[in-house]
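Chains, contacts and geometry: an overview
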Amino acid sequence: FIKQLPPAQLPEVFGMHDNVDISRELQDTKQLFEDLLMTQAQSTGGGAGGASTEQKLTDIATDILTKLPSAFDIEDAVEKYPVKYEESMNTVLVQEMERFNRLGGVITTSLMNLQKAIKGLVVMSESLEQVAGSLLVGKVPELWSKSSYPSLKPLGSYINDLVARLKFLKAWYANDKPTCFWISAFYFNQAFLTGVKQNYARKYTIPIDKLDLDFEVLPCDDIDQHPEDGAYVKGLYLEGARWDSKRMALAESFPKILYDTVPVIWLKPAIKTEISTEGMYVSPVYKTSARQGQLSTTGHSTNFVVAMNLPTIKPQKHLGSPRNVSPLQLGRLDLSVLIEN
C-alpha cells in the first residue's frame, strides 16, 4: 500500500493551490543558482582571466553610467512645486527627487571609483571589491541596497526599473501631476499615501487621524482624468489570486499563473467608521514578494505598505489570513498585493 503512494504529495492534500509546486521549484532553482554564482565570484580573481575580468567590469560600469540620467535639480523643483497647504503632492515629488538623487549619487560614485581603481588611480577598497564581485554575477551590490528601495530584481532589471522610476518623476516634473500615479515608481510609498489623505483632510477640514483609505478597482488599465478626491494608481500585482474583470472581484488563480496585474485603483480617503469591509478581503500590500521587512526610523516597515480592502468572490478563510503570510502559501492559503513583480 505504501509503495503505491506518490513520492511527493499534491498541494491539494494540504489545502494548497497547485501553483505552490511552481513557487517552491522557483525558490529551489533561485537558491541553486545563487550558490553557483557565489562559487563563480570567488574564483574570478587573478590568473590569466584577470584582464578580461577588468574589461568586463569596465564595460558594465560604463553601461550603467550611460543609462542613468543626471540628478534632479532640487532648487528648480522647489521653485516650480513649492510647499502648498492645499497640495501635498508637491512635497511628495520634491522628497522623492531627493531620495533618488541620494541613491543615484551612491551608484555613480561607486562606479566611477571602481573604474579609477581598475586603472590604478585609487586604492581598490573592500567596498569596491564587493561592488565588483556583485557586478560580475549580476547582483545589486550591498552598498547600493543600503541606500535603495527594497528590490529583489537582478542587476540588469534593477537598473532598468530605476531608470523607469526616474523617467516617471521627470515626466511629473515636466508635465505637472499625473492623472494616474504609477505607485511602483515611488521610493517611499507611504509618503504618497499620506499625501493623498492629507489633501483630503485639509480640503474638508477633517483631522487626518480620523481618515483611512478606501479602495475601488476600476474597469480600466489607465485613466486620463483626475478624480474629484483621492488619487488613481496603477502598477500593482496580485499573488495568490487573480482579478476577475467580469465580476470585479478577487477569484481563484489560474493554474501556472503566479501573478496577475491589477487594474487602476481609486484611492478614496474616508472617515474610518464609514468604510465598509463587508464582502472584502483585507489584503496586505508589499513592496516585494519577500513579504518581510524591518521597522525603519520613520516608524514604517521597509516592505509592508498598507492593508487594502478588495471585493472577493471567495470567503476570507478561503484566501487566507493576512496575519499568517508565507511565500509558499498561495490560492487557498494566502493572498497579497505586490508593488514589485
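Predicted model, so just to flag it, every value in this text is computed and none were measured.

Describing the overall build of the chain
On a plain count of helices and strands, the chain comes out with nine helices and eleven strands. Evaluated residue by residue, the chain yields a buried proportion of 40% over its 341 residues. In the chain, the proportion of contacts linking residues at least 24 apart, taken out of those at least 6 apart, comes to 71%. Per element, the accessible surface of the chain, about 18,800 Å² overall, is 54% carbon and sulfur.

A short note on the pattern of salt bridges
Under the definition given, this model contains seven salt bridges. Put simply, Asp 222 and Lys 234 hold a salt bridge, and the shortest N to O gap is 3.2 Å. With a gap of twelve residues between them, Asp 222 in the loop between β2 (211-217) and β3 (231-234) and Lys 234 in strand β3 connect regions that are remote in the sequence. The partly exposed category is assigned to Asp 222, whose relative accessible area is 44%.

Considering the environment of Arg 247
Position of Arg 247 relative to the elements: it lies in the loop between β5 (242-244) and β6 (249-251). A relative accessible area of 58% places Arg 247 in the exposed class. Through-space distance from the C-alpha of Arg 247 to that of Pro 311 is 9.5 Å; in sequence the pair is 64 residues apart.

Focus: the side chain of Asp 229
When you line up the elements, Asp 229 lands in the loop between β2 and β3. Separated by 2.8 Å, the side chains of Asp 229 and Tyr 204 make a polar contact. Ignoring any residue separated from it by four or fewer positions in sequence, one finds Asp 229 in contact with Tyr 200, Lys 203, Tyr 204, Trp 266 and Leu 267.

Section: the pairing of strand β9 (residues 280-286)
With five of seven residues buried, β9 is to be regarded as a mostly interior element. Summarising the sheet, β9 and strand β10 (residues 304-311) pair through seven bridges and their orientation is antiparallel. Bridge pairing in β10 links Pro 284 to Ala 307.

Thoughts on the sheet that holds β3
Read from one edge to the other, the open sheet built from four strands follows the order β1-β3-β8-β2, with strand pairing classed as mixed. The open sheet has two edge strands with one neighbour each: β1 (180-182) and β2. Taken over all neighbouring pairs, the strand axes of this sheet differ in orientation by 40 degrees on average, direction set aside. Bridge count between β3 and strand β8 (residues 265-271): three bridges; the pairing is antiparallel.

Quick look at the packing of helix α4 (residues 89-119) against helix α5 (residues 126-136)
In the contact formed by α4 and α5, the axes pass within 10 Å of each other and the chain directions differ by 95 degrees. Considering their axes alone, α4 and α5 lie roughly perpendicular with respect to each other. Contacts between α4 and α5 involve Ser 110, Leu 111, Asn 113, Leu 114 and Ala 117 on the former and, on the latter, Leu 128, Val 131, Ala 132 and Leu 135. Residues that form the contact of α4 with α5 fall into these classes: seven nonpolar, two polar and no charged.

So, the packing of aromatic side chains
In total, this model carries 16 aromatic pairs according to the counting rule given. Considering the side-chain rings of Phe 186 and Phe 192, the 4.6 Å spacing of their centres and the 20 degrees angle between planes classify their relative orientation as stacked. For Phe 186, a relative accessible area of 1% corresponds to the buried category. These aromatic residues form a ring-pair network of at least three members: Phe 168, Trp 172, Phe 181, Trp 182, Phe 186 and Phe 192. The ring of Tyr 173 carries the charged tip of Lys 80 above its face, separated from the ring centre by 4.7 Å. One Lys or Arg, Arg 202, reaches over the ring of Tyr 85 and ends 4.8 Å from the middle of that ring.

Looking at the packing of α4 against helix α8 (residues 189-204)
Interaxial distance between α4 and α8 falls to 9 Å at its minimum, and their mutual angle equals 165 degrees. One finds that α4 runs roughly antiparallel with respect to α8. Relative to α8, the crossing made by α4 is right-handed. Contacts between α4 and α8 involve Met 89, Val 92 and Arg 99 from the former and Ala 191, Phe 192, Gly 195, Val 196 and Asn 199 from the latter. Grouping the constituent residues of the contact of α4 with α8 by class yields five nonpolar, two polar and one charged.

Focus: the nonpolar core
Ranked by internal contacts, the top residues of the largest apolar core, which has 64 residues, are Trp 144, Trp 172 and Phe 192. The greatest single-element share of this core, amounting to twelve residues, is contributed by α4. With near-sequence residues (within four places) excluded, Trp 172 lies in contact with Tyr 81, Met 89, Val 92, Leu 93, Lys 177, Pro 178, Phe 181 and Phe 186.

Regarding helix α7 (residues 155-175)
Its 21 residues place the ends of α7 30 Å apart at the C-alpha level, agreeing with the 30 Å of an ideal helix rising 1.5 Å per residue. Within α7, the full set of buried residues consists of Leu 155, Tyr 158, Ile 159, Asp 161, Leu 162, Arg 165, Leu 166, Phe 168, Leu 169 and Trp 172. Where α7 terminates, the next one or two residues include Asp 176, which has phi positive at roughly 80 degrees.

Some details on the environment of Lys 272
Its location among the elements puts Lys 272 in the loop between β8 and β9. With 63 residues separating them along the chain, Lys 272 and Asp 209 place their C-alpha atoms 9.0 Å apart. Once you skip the residues sitting within four places of it in the chain, Lys 272 turns out to touch Asp 209, Lys 210, Leu 211 and Asp 212.

So, how was this worked out
- Every chain begins its residue count from 1, and numbering advances along the sequence as written.
- Under the rules for a predicted model, residues below a pLDDT of 70 receive no local features and side-chain atom pairs below 80 are neither given nor counted, while totals for whole chains, interfaces and linings still include all residues.
- With hydrogens and water excluded, all non-hydrogen atoms of the structure serve as input to the side-chain values.
- Per the convention used, a helix needs a DSSP run of H or I reaching at least four residues, while a strand needs a run of E reaching at least two, with both numbered from the N terminus.
- Buried means the residue's accessible area, taken with a 1.4 Å probe over protein chains only, is under 20% of the maximum for its type, while exposed means over 50%, and partly exposed covers the values in between.
- Residues count as neighbours in contact if any of their non-hydrogen atoms are within 4.5 Å of one another.
- The protein chains shown are the only cover counted for residues, whose accessible areas, like all others here, come from Shrake-Rupley with a 1.4 Å probe.
- By definition here, a salt bridge exists when the distance from a side-chain nitrogen of Lys or Arg to a carboxyl oxygen of Asp or Glu is within 4 Å.
- Polar contacts, as counted here, are pairs of nitrogen or oxygen atoms within 3.5 Å of one another; within protein the pair requires one atom able to donate a hydrogen and one able to accept it, and residues that are adjacent in sequence qualify only if both atoms are side-chain atoms.
- Only when DSSP finds a minimum of two bridges between them are two strands counted as paired.
- Each axis is a line fitted through C-alpha atoms, taken for helices only over the stretch in contact, and angles between the N-to-C directions span 0 to 180 degrees.
- Each angle gets one of four labels, with under 35 degrees taken as roughly parallel, over 145 as roughly antiparallel, 65 to 115 as roughly perpendicular, and the rest as oblique.
- For this scheme, ten residues count as nonpolar: Ala, Val, Leu, Ile, Met, Phe, Trp, Tyr, Cys and Pro. Four count as charged, namely Asp, Glu, Lys and Arg, and the remainder, Gly too, count as polar.
- Under the pairing criterion, centres of Phe, Tyr and Trp rings, with the six-membered ring standing for Trp, must be within 6.5 Å; the plane angle then separates stacked pairs below 30 degrees from edge-to-face pairs above 60, leaving the rest tilted.
- Note on criteria: charge over ring means Lys NZ or Arg CZ within 6 Å of the ring centre, with the direction from the centre no more than 35 degrees off the ring normal.
- By definition, turning the near helix anticlockwise from the far helix through less than a right angle yields a left-handed crossing, and turning it clockwise yields a right-handed one.
- In these notes, a set of buried Ala, Val, Leu, Ile, Met, Phe, Trp, Tyr and Cys residues joined through side-chain atoms within 4.5 Å is what counts as a nonpolar core.
- Multiplying 1.5 Å by the helix residue count minus one yields the expected span of that helix.

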